Structure formats: C-alpha cells, structure tokens
Amino acid sequence: LGQWWATLPREQWPEGVEEYVLQDFDDCNHVDDDGSNKIETVGDRRQEVVFIGPQFDSNERQVHIQEALDQCLLTPNEYQEYQSIQTNERELQIRFSNSMESKYVNF
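What this report covers is the structure whose coordinates are included nearby. (Residues numbered from 1 in each chain as written. Predicted model: local features only at pLDDT ≥ 70, side-chain atom pairs only at ≥ 80, totals over all residues. Heavy atoms only, no water.)

### Some thoughts on unusual backbone geometry
Stated formally: Helix and strand definitions here come from DSSP, where helices need a minimum of 4 consecutive H or I residues and strands a minimum of 2 consecutive E residues; each element is numbered from the N-terminal end. Exposed residues in this analysis have more than 50% of their type's maximum accessible area, buried residues have under 20%, and partly exposed residues fall in between, with area computed by a 1.4 Å probe over protein chains only.
Of note in this structure, glutamine 55 is not a glycine but carries a positive phi near 70 degrees. With respect to the secondary-structure elements, glutamine 55 resides in the loop between α1 (18–22) and α2 (59–70). Residue glutamine 55 is classed as partly exposed on the basis of its relative accessible area of 49%.

### Focus on the side chain of aspartate 44
Our working rule: Positive charges come from Lys and Arg, negative ones from Asp and Glu, while His and the chain ends are left out of the count. We count a salt bridge whenever a side-chain nitrogen from Lys or Arg sits within 4 Å of a carboxyl oxygen from Asp or Glu. Identification of polar contacts relies on pairs of N or O atoms within 3.5 Å, with a donor-acceptor requirement for protein atoms, meaning one able to donate a hydrogen and the other able to accept it, and with residues adjacent in sequence counted only if both atoms are side-chain atoms. Two residues form a contact once any of their heavy atoms are found within 4.5 Å.
Turning to its location among the elements, aspartate 44 is positioned in the loop between α1 and α2. Buried charge aspartate 44 goes without a salt bridge, the closest partner of opposite sign being arginine 45 at 5.7 Å. Side-chain polar atoms of aspartate 44 contact the backbone nitrogen of alanine 6, separated by 2.9 Å. In contact with aspartate 44, not counting residues within four places along its chain, are Trp4, Trp5, Ala6, Asp24 and Phe25.

### Considerations on the packing of aromatic side chains
The cut-off we apply is this: A pair of aromatic rings is counted whenever rings of Phe, Tyr or Trp (Trp by its six-membered ring) have centres within 6.5 Å, and the orientation is called stacked for planes under 30 degrees apart, edge-to-face for over 60 and tilted otherwise.
For the structure on display, the rule yields four aromatic pairs. Aromatic pair tryptophan 5 and tryptophan 13: ring centres 5.7 Å apart, planes at 70 degrees, arrangement edge-to-face. On the basis of relative accessible area, tryptophan 5 is assigned to the partly exposed category, the value being 23%. Given the relative accessible area of 8%, tryptophan 13 is considered buried. Joined through ring pairs, the aromatic side chains of Trp5, Trp13 and Phe25 make up one cluster.

All quantities given are derived from atomic positions and should not be read as evidence of function.
Structure follows, in structure tokens:
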C-alpha cells in the first residue's frame, strides 16, 4: 500500500485485518482527520531504526545507543509546547532549533 493504515478510512481496510492493524495504533479510536487540526494521536505512524552489525548485541553498546537516541526526545513540557505551536513553522524552528552537538561514535 505504501501508506499508514491510519491514513485510510477503515471501510477501505481489507476484511479481517482490523484487530491485527489496531495493535500498532497508539489509540484504537484514532481518527486521522476530524477537521480540528489538533493532533492528539498518530495511529500507526512511527519511525523505526534498526542497527545491524557485529557486536550490536552487546549490552554496553545498546545502552550507549539508547542514551544517544534518548537525547533526541522532547521532554513532556517540550512536547506540550510543541503541540501548542505545531502549525506555526517559523515558531517551531525558532523554539526547536538543532542544538545537539554532532559526535562520531566508532564501535
């Protein structure tokens, strides 16, 4: 399909997939467009990162990677602020500019 299930009206879903598909939803009552322009749930939208290579099963490396990725997440207060300005691109860029220091990590 090339789309998230959340972008399709449920009546367009193939018969018998609803229970399986809804397992990936953040809220099984998600409605993709209710006309309010307020985003409360995302359905089955998500990004996944997969690390493949030797020694990635090392607990120490997994912790290191998780800590680095966790630094990219918004705090609950930052997320609340994001939600309040999410439709204002200029305000978003001012408030959430990229301030992370780039690092090269060699395993």
